[in-house]
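Spelled out from the first residue to the last, the chains are:
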Amino acid sequence: MKKILVTGALGQIGSELTMHMRNIYGANNVVATDIRRIEGHETVESGPFEVLDVTNAKQMADLAKKYNVDSIIHLAALLSAVAEAKPVLAWEINMGGLFNALEVARELNTAFFTPSSIGAFGPGTPKIKTPQDTIQRPQTMYGVTKVSGELLCDYYFKKFGVDTRGVRFPGLISYTTPPGGGTTDYAVDIYYEALKSGKYTSFIGEGTYMDMMYMPDALNAIVTLMEADSSKLIHRNAFNITAMSFEPSQIAAEIKKHIPNFEMSYDVDPVRQAIANSWPDSIDDSAAKAEWGFNAKYDLASMTSDMLLKLREKLNIK
Ligand code: AKB
């Protein structure tokens, strides 16, 4: 990757990935784009930034040509809970945006990354150590767009030779930009509330296991996969990757080691609980390890220490 276009660059992944890649590839070589501009935001101020609506194919193609990009990291998408509330919009953004981005990649012969998700699995998928290649019949609009996206990326590789690559992200936990409208968001919210009020009411029920990952491991995964030797990649779209699997009382217990008075209660949201119930408890990421050396560094304990440390600084809490 030498000149990279990022869509959704002000989102949870995009805001950190843009800065991470600007450090590696040079600030001017990472063109950040998003549907809105936030004045003063470090992603906007630290290198090229353009407003881009990913459903506008011409605008995307013009920007890619203007900056002569050789790689596209397409992140703009609605997450699971909001996609379930707005399925038509989710199809337009998640599939329309992806199709436009793949067309630009085809026309300009760029490398291409887009994330899939554990949401690409459904109730018929084996729940424990979900294999790389398995049943994918999700019953959410988010899941439908993720499976369709994986297939479309495979198609662009096989039919047009576009170098498409992707991972199935688990829930991502980070302190810079909050996620919006995901099912796994409770595992981010809990850290903010633990520090601000000492208590948290989880919208996901006790005993509900989902895979998770700390953001630094997710950023490394994207760059490592994009730099991997193409001839070694068998799966491409998209690799299972994970760092840990836990349920709400386990993250609460880990937080209690740092904040002994922390209290956890539950008020389960039936929509997000149903989504979580349809996802794996844990996924098998051996293909990612074997084909491109994926390796996560953070587990629940080390992530919790770091999250609480960084959030204390951010929120200015002693
Ligand atoms: C969500 O909860 O929607 C996302 C995901 C796992 O894809 N964090």
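An unreviewed UniProt entry lists the protein chain under the name L-threonine 3-dehydrogenase, with Clostridium rhizosphaerae as the source organism. UniProt's Sequence similarities (unreviewed entry) comment on the protein chain is quoted here verbatim: "Belongs to the NAD(P)-dependent epimerase/dehydratase family."

### So, the environment of Ala187
Among the secondary structure elements, Ala187 is positioned in helix H7 (residues 186-196). On a C-alpha basis, the gap between Ala187 and Ile173 in space is 6.8 Å, while along the polypeptide they are 14 residues apart. With sequence-adjacent residues up to four places away left out, Ala187 is seen in contact with Ile173, Met212, Phe246 and Ile251.

### A closer look at helix H6 (residues 141-160)
Over its 20 residues, H6 runs 27 Å from end to end, which matches the ideal 28 Å to within 8%, given 1.5 Å per residue. The complete set of buried residues in H6 reads Tyr142, Gly143, Thr145, Lys146, Val147, Gly149, Glu150, Cys153 and Tyr156. Just downstream of H6 lies Gly161, where phi reads positive at about 75°.

### Digging into the sheet that holds strand S12 (residues 239-240)
The parallel open sheet is built from 3 strands, whose spatial order is S6-S8-S12. Both edges of this open sheet fall to strand S6 (116-117) and S12, since each of them pairs with a single strand only. Of the strand pairs in this sheet, strand S8 (residues 167-169) and S12 are connected by 2 bridges, and their pairing is parallel. Bridge pairing in S12 places Val167 opposite Phe239.

### A closer look at the domain arrangement of the protein chain
One frequently used descriptor of interface size is the decrease in accessible area upon assembly of the parts. Each domain of the protein chain was delimited in the assignment, giving domain 1 (4-170) and domain 2 (171-212 + 242-315). Centre-to-centre, using C-alpha coordinates, domain 1 lies 23 Å away from domain 2. Each partner contributes to the interface: domain 1 provides 28 residues, whereas domain 2 provides 31 residues. When the area that domain 1 buries against domain 2 is broken down by residue, the three leading residues are Gln12, Lys127 and Pro170, summing to 29%. Viewed at the interface, domain 2 and domain 1 are joined by 1 salt bridge. For the pair domain 1 and domain 2, the number of links is 15 residue pairs in polar contact (both at pLDDT 80 or more). Looking at the side of domain 1 that touches domain 2, the elements with two or more residues in it are helix H1 (12-25), helix H4 (80-85) and S8.

### Observations regarding the nonpolar core
Core analysis: the largest hydrophobic core is formed by 60 residues, its most contacted members being Phe112, Ile173, Tyr186, Tyr191, Phe246, Ile251 and Met303. The two domains that each donate at least three residues to this core are domain 1 (4-170) and domain 2 (171-212 + 242-315). Not counting residues up to four positions away in its chain, the partners in contact with Ile173 are Gln12, Ala187, Val188, Tyr191, Met212, Met213, Tyr214, Met215, Phe246, Met303 and Met307.

### As for the sheet that holds strand S5 (residues 111-113)
Read from one edge to the other, the open sheet built from 6 strands follows the order S3-S2-S1-S4-S5-S7, with strand pairing classed as parallel. Because the sheet does not close on itself, it has two edges, and the strands there are strand S3 (49-51) and strand S7 (163-165). Strand after strand, the sheet turns through a mean of 20° between neighbouring axes, direction not considered. Note: strand S2 (residues 30-34) against S3, 3 bridges, orientation parallel. Among the inter-strand pairings, Asp34 is bridged to a residue of S3, identified as Val51. Contacting strand S1 (4-7), S2 and strand S4 (71-74), H1 crosses the sheet at an angle of about 165° to S2.

### Description of helix H9 (residues 248-256)
Turning to H9, its buried residues number three or more, namely Pro248, Ile251, Ala252, Glu254 and Ile255. Projected onto a plane normal to the axis of H9, the buried residues spread over an arc of 160° and lie on a single side. The secondary structure elements touched by the buried residues of H9 are H7, strand S10 (199-202), strand S13 (244-246), strand S14 (263-266) and helix H12 (300-315).

### Observations concerning unusual backbone geometry
The omega angle of the peptide bond from Asn237 to Ala238 is 10°, so this bond is cis rather than trans. By secondary structure assignment, the location of Ala238 is in the loop between helix H8 (215-227) and S12. Phi is positive for Asn68, close to 55°, though the residue is something other than glycine. Looking at where Asn68 falls in the secondary structure, it is placed in the loop between helix H3 (57-66) and S4.

### Topic: the packing of aromatic side chains
As enumerated under the stated definition, the model contains 7 aromatic pairs in all. Each member of the aromatic cluster is reached from another via a ring pair, and the members are Tyr155, Tyr156 and Phe160. Positioned above the aromatic ring of Phe203 is the side chain of Arg272, whose terminal nitrogen or guanidinium carbon lies 3.5 Å from the ring centre.

Quick notes on the rules
- Residues numbered from 1 in each chain as written.
- Predicted model: local features only at pLDDT ≥ 70, side-chain atom pairs only at ≥ 80, totals over all residues.
- Heavy atoms only, no water.
- UniProt positions renumbered as here; feature names shortened; annotations may be inferred.
- Helix = DSSP H or I, 4+ residues; strand = E, 2+ residues; numbered from the N terminus.
- Contact = heavy atoms within 4.5 Å.
- Expected span 1.5 Å × (residues − 1).
- Buried < 20%, exposed > 50% of the residue type's maximum accessible area, 1.4 Å probe, protein only.
- Pairing = 2+ DSSP bridges.
- Domains from an automatic or database assignment.
- Buried area = accessible area lost by both parts, 1.4 Å probe.
- Salt bridge = Lys/Arg side-chain N within 4 Å of Asp/Glu carboxyl O.
- Polar contact = N/O pair within 3.5 Å; in protein donor to acceptor, adjacent residues only side chain to side chain.
- Core = buried A, V, L, I, M, F, W, Y, C linked by side-chain atoms within 4.5 Å.
- Axes fitted to C-alpha atoms, helices over the stretch in contact; angles between N-to-C directions.
- Arc of directions from axis to C-beta.
- Phe/Tyr/Trp six-rings, centres within 6.5 Å; stacked < 30°, edge-to-face > 60°.
- Lys NZ or Arg CZ within 6 Å of the ring centre and 35° of its normal.

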